[in-house]
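Listed below are the residues making up each chain.
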Amino acid sequence: GESVGLHLPTLSVQEGDNSIINCAYSNSASDYFIWYKQESGKGPQFIIDIRSNMDKRQGQRVTVLLNKTVKHLSLQIAATQPGDSAVYFCAENPGGATNKLIFGTGTLLAVQP
Amino acid sequence: KAGVTQTPRYLIKTRGQQVTLSCSPISGHRSVSWYQQTPGQGLQFLFEYFSETQRNKGNFPGRFSGRQFSNSRSEMNVSTLELGDSALYLCASSSTGFGGEKLFFGSGTQLSVL
C-alpha cells in the first residue's frame, strides 16, 4: 500500500508547552497538504491545510510549515492542552483532478497534565 | 450542516460473506472517497467518486467495489470477505471534484471478519 503504519511514533509533552509534529512526504509533485487529528473511535478531523505555493500557514493555535526542498511538513501546536491528545496525520494530494490523499504513518501526541 | 454519515457503525461478518457499507456526504458535496484504516497499514485510499463516476482507484483487489448515486450518496461493497479485511472503513466527502480540497471524514464503519 501507499501508506505504511507499522509503527506509530509518540510525542509526549507537558500541558502548556508547544508541540511540533513532523512529517516527510513522498511525492515531489504533491501540491496540497493537510493535517488531520484523529481521536479514538472517530474519523480524522481536519486541522489545517497548505498549498505548495506557500511555506507557512497559521490557524488558531496551530501553524503548518512546508519545506518543499526536503519534502517535509510540520505542525506546531501552541500551548498544548489535554484535549489535543490524539493521533495526528499528515496527508498529501498528488496533484491533478483528484481529491485522493496519501497519508503518513501518524504521530500519537500524549499531553501530560 | 450535518457531517458525513456512515452506516452501520459496527459490523461483524464471517469469511466468505459479502458486505455493503453506506455513506451520506455533507449536503451539497459531490465527491466521495473511501479509505481503509488498519493498525498495520494505516490509512489507505480505496476509491474516489465524483458525479456517479469512479475517478480514481487504489491498490485493492477487485473484491472491493463501490458506486455513487445521483444524490451523491455512496456505497462500497466487499465480496468474499477475508480475515485481513477487518478494518475501519472511512468515507470522506468534498464539495467539488476539482482536486486539492479539504476532505471531511465520517466516523467510519468498524468491520470485523471472523
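Here, every reference points to the structure presented above.
Residues numbered from 1 in each chain as written. Chains lettered and ligands numbered in written order. Predicted model: local features only at pLDDT ≥ 70, side-chain atom pairs only at ≥ 80, totals over all residues. Heavy atoms only, no water.

**Q** How do you make sense of the overall build of chain A when you look at a structure like this?
**A** Within chain A one finds zero helices and 10 strands. Overall, chain A shows an N-to-C arrangement of helices and strands of β-β-β-β-β-β-β-β-β-β. For a compact globule of 113 residues, the expected C-alpha radius of gyration is about 13 Å, and chain A comes in at 14 Å, within 12% of that figure. Each principal axis of the C-alpha atoms in chain A carries an extent, and together these give about 45 × 30 × 20 Å. (Helix = DSSP H or I, 4+ residues; strand = E, 2+ residues; numbered from the N terminus. Rg over C-alpha atoms; globule rule 2.2 N^0.38 Å.)

**Q** Whenever I open this one, the packing of aromatic side chains confuses me. Can you help?
**A** The relative placement of two aromatic rings is captured by the distance of their centres and the angle of their planes. All names here are of chain A. One pass over the full model with this rule turns up 12 aromatic pairs over all chains. With 6.2 Å between their ring centres and 85° between their planes, Phe89 and Phe103 make a pair best called edge-to-face. A residue pair is termed long-range when its members are at least 10 positions apart, and Phe89 in strand β8 (residues 86-93) and Phe103 in strand β9 (residues 102-103) qualify at 14 residues. In this structure Phe89 comes out as buried when scored by relative accessible area, which is 4%. Among the residues examined, Phe103 registers a relative accessible area of 3% and is labelled buried. (Phe/Tyr/Trp six-rings, centres within 6.5 Å; stacked < 30°, edge-to-face > 60°. Buried < 20%, exposed > 50% of the residue type's maximum accessible area, 1.4 Å probe, protein only.)

**Q** Teacher, can you tell me more about the state of the cysteines here?
**A** Chemically, a disulfide is nothing more than a covalent bond linking the sulfur atoms of two cysteines. Scanning the entire structure with this criterion turns up two disulfides over all chains. Here Cys23 of chain A engages in a disulfide with Cys90 of chain A; their sulfurs sit 1.6 Å apart. With Cys23 of chain A in strand β2 (residues 19-24) and Cys90 of chain A in strand β8, this pair connects stretches of sequence that are 67 residues apart. Looking at Cys90 of chain A, the relative accessible area reads 7%, which means it is buried. Two residues share a disulfide in this structure: Cys23 of chain B and Cys91 of chain B, whose sulfurs sit 1.8 Å from each other. Handedness of the Cys23 of chain B-Cys91 of chain B disulfide follows from its S-S torsion of about -60°: it is left-handed. One end of the pair, Cys23 of chain B, is in strand β3 (residues 19-24); the other, Cys91 of chain B, is in strand β9 (residues 87-94), with 68 residues separating them in the sequence. The burial state of Cys23 of chain B is the same as that of Cys91 of chain B; both residues are buried. (Disulfide = S-S within 2.5 Å.)

**Q** Please clarify how the sheet that holds strand β7 (residues 64-68) of chain B should be interpreted in this entry.
**A** One key point about sheets: their strands pair by backbone hydrogen bonds, in either a parallel or an antiparallel sense. All names here are of chain B. Spatial ordering of the open sheet is given by β1-β3-β8-β7, a layout of four strands whose pairing is antiparallel. If you trace the sheet from one side to the other, it starts and ends with β1 (5-7) and β7, each paired once. The average undirected angle you get between the axes of adjacent strands in this sheet is 20°. (Pairing = 2+ DSSP bridges. Axes fitted to C-alpha atoms, helices over the stretch in contact; angles between N-to-C directions.)

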